[in-house]
Amino acid sequence: MRNPTATTLLLASALAAIVPVSAQEQNKETSAKTTAYQTSVSQEQLRATTRRLKGEMIGLLDEFSQYQAAGGEITKLKTALGELDTVTEQDMAAVVRILREASRMEKIDDTKAKLVEASGEQKEIQSLLRSIADRLTLQKDEASIQQRLENLALRQMANLRDTKAMAESGSKPEKVKSEQQKTQQVNKAEQEALKEEVRLAMDTLQNLAEKSESPAKEAFQQALKTAQENAVRMQAEQSAEQLKTDFNEAAKSQEELLKNLQKMAEGLNSRKTAEEQSRELASKMDELSNKQEQLAKALTKAWGDQQKQEVRKEQEKLSDQLELTKEAMAKLNPEAAKQAEQAQQQSNDVAKQMQDRKEMEKVDAVAKAPDAQNAVAEKLDAVSDMLQKQADALAGNE
């Protein structure tokens, strides 16, 4: 899958490639022709870069297609592509022609006049490219902010689990047990990373609340209001800082941060239609079912404790992903929600069993765990079917 940020970066490089002609006018008159020719070569290179950019933008349309609610953004991107065609085939070609004419002029005053003419053309191109880059960034953020918040919530769930484990052990941050030292290091580093990424996500949300032109603008504003009223930025900072002094206080801050990240993500999700939400959840349950089958196979092949614990962590992550869907699913389809909750409980039980290292040394325990995992996969597959049928019914496709 392409990273949509690459397209924006390529636009930035295209902007950088435009050489301001006004600067060239400051050169000695004897170099004016050389300047004009060299700049025309730069413009040819920019045309090639922009053609390449168009290919990246087409790839970006594929990236956006994974988001069910991105139809409006895709339409805007097609408009941007049309504008880029205009730049590539008309404006830039005109600049190249003018610059090459300037390089052939006999009189220096004529050369400089052509350079001035090209300068105006270049500024128009630069302005249009910058406008497209800004719109692309905004549209990418509109389509991806909910997923970003959900991913942050998932990571916070996992890190909170480790924070609670250290708190329950009675250890102090300045003196943890030897077997917890690695966990503490990873826990601290992850919370610092979360602090920074929450800050960036809040910056993005504020930008969307102010500048978005999509129907979701009100939802972005509400999510930002939630963040501001609950001081999410400060919570993220405290969650990291308190790990240095008190695991219990850190756990409390992390729980509050997690709750607010979930609230914001759920608010953004609620702007979608029931059909869209049902299809997205059906797809997510199918994805988790497949992942659960893979984890069952991985556990069957796992021979050492480290491998088994890696599977356990993935099992816990699967349970966390189910936790994030609970509220939306309960509103959409209570029966599917009930089945998903049962699957989550089974997943939790499997993860807890794998946490007992001595138990997992027993042949019987290792043999039973994959069976339980496959049972979870089957249940999730059934939930996916229920939600898909509901989405089809809502769309009138039955």
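Above: the structure in question.
Bear in mind that the values here come from a model prediction, so they are computed numbers and not experimental data.

Attention now moves to the nonpolar core. By size, the foremost hydrophobic cluster in this structure holds 31 residues, and its most contacted members are Leu-149, Met-202, Leu-205 and Met-264. At the level of secondary structure, the elements contributing two or more residues to this core comprise α5 (108–168), α6 (181–211), α7 (217–229), α8 (232–241) and α9 (247–269). In terms of residues, this core owes the most to one element, α5, which gives 8 residues. In this structure Leu-205 touches Ile-145, Phe-220, Ala-223, Leu-224 and Met-264, once residues within four positions along its chain are discounted. Within the second largest apolar cluster, 25 residues are counted, among which are Met-329, Val-350, Met-354 and Leu-380.

This paragraph deals with helix α12 (residues 334–355). Here α12 contains 22 residues, and its C-alpha end-to-end distance of 31 Å stays within 8% of the 32 Å for a straight helix at 1.5 Å per residue. For α12, the set of buried residues is Ala-336, Ala-337, Ala-340, Ala-343, Gln-344, Ser-347, Val-350, Ala-351 and Met-354. Buried residues along α12 cover an arc of 135 degrees about the axis, so they all sit on one side. In this structure, α12 carries Pro-334 and Lys-352 as exposed residues pointing more than 90 degrees from its buried face. Tucked into the core, α12 has its buried residues touching α10 (274–301), α11 (305–332) and α13 (363–395).

Attention now moves to the packing of α11 against α13. Where α11 contacts α13, the two axes come as close as 13 Å, and the packing angle between them is 25 degrees. In terms of axis orientation, α11 runs roughly parallel to α13. Read as a crossing pair, α11 and α13 show a hand that is left-handed. Residues Lys-308, Val-311, Gln-315, Leu-318, Leu-322, Met-329 and Leu-332 of α11 form the contact with α13, whose participating residues are Val-366, Gln-373, Leu-380, Val-383, Leu-387 and Gln-390. Among the residues making up the contact of α11 with α13, the classes are represented as 9 nonpolar, 3 polar and 1 charged.

This paragraph deals with the side chain of Gln-156. Mapping Gln-156 onto the fold places it in helix α5. What makes Gln-156 buried here is its relative accessible area of 1%. A polar contact of 2.8 Å, which involves the side chain of Gln-156, links it to the side chain of Gln-191. Once residues lying within four places of it in the same chain are set aside, the contact partners of Gln-156 are Gln-191, Leu-194, Gln-254, Leu-257 and Leu-258.

Let us look at the packing of α6 against α8. Each pair of packed helices gets described by two things: the angle between the helix axes and the distance between those axes. At a minimum axis separation of 8 Å, α6 and α8 run at an interaxial angle of 170 degrees. Judged by the inter-axis angle, α6 sits roughly antiparallel to α8. Contact with α6, carried on its side by Gln-191, Glu-192, Lys-195, Val-198, Arg-199, Met-202, Asp-203 and Gln-206, involves Val-232, Arg-233, Ala-236, Glu-237, Ser-239 and Ala-240 of α8 and no other residues of that element. A per-class count over the contact of α6 with α8 returns 5 nonpolar, 3 polar and 6 charged.

Let us look at the environment of Lys-263. Along the polypeptide, Lys-263 turns up in helix α9. Note: C-alpha distance between Lys-263 and Ala-223 (40 residues apart in sequence) is 8.1 Å.

A few words on the pattern of salt bridges. According to the stated counting rule, one finds 22 salt bridges in the structure shown. As a salt-bridge pair, Glu-316 and Arg-161 come within 3.4 Å of each other at their nearest N and O atoms. Placement of the pair is Glu-316 in helix α11 and Arg-161 in helix α5, with a sequence separation of 155 residues. Judged by relative accessible area, Glu-316 falls into the buried class, the value being 13%. Between Glu-255 and Lys-164 there is a salt bridge whose closest N-O contact spans 2.8 Å. In this pair, Glu-255 is assigned in helix α9 and Lys-164 in helix α5, connecting sequence segments 91 residues apart. A relative accessible area of 33% places Lys-164 in the partly exposed class.

If you check the backbone angles, Ala-231 has positive phi at about 50 degrees while not being a glycine. Note that Ala-231 resides in the loop between α7 and α8. On the basis of relative accessibility, which here comes to 32%, the residue Ala-231 falls in the partly exposed class.

Thresholds applied
- Residues numbered from 1 in each chain as written.
- Predicted model: local features only at pLDDT ≥ 70, side-chain atom pairs only at ≥ 80, totals over all residues.
- Heavy atoms only, no water.
- Core = buried A, V, L, I, M, F, W, Y, C linked by side-chain atoms within 4.5 Å.
- Buried < 20%, exposed > 50% of the residue type's maximum accessible area, 1.4 Å probe, protein only.
- Helix = DSSP H or I, 4+ residues; strand = E, 2+ residues; numbered from the N terminus.
- Contact = heavy atoms within 4.5 Å.
- Expected span 1.5 Å × (residues − 1).
- Arc of directions from axis to C-beta.
- Axes fitted to C-alpha atoms, helices over the stretch in contact; angles between N-to-C directions.
- Parallel < 35°, antiparallel > 145°, perpendicular 65-115°, else oblique.
- Left-handed = near helix turned anticlockwise from the far one by under 90°.
- Nonpolar A, V, L, I, M, F, W, Y, C, P; charged D, E, K, R; others polar.
- Polar contact = N/O pair within 3.5 Å; in protein donor to acceptor, adjacent residues only side chain to side chain.
- Salt bridge = Lys/Arg side-chain N within 4 Å of Asp/Glu carboxyl O.

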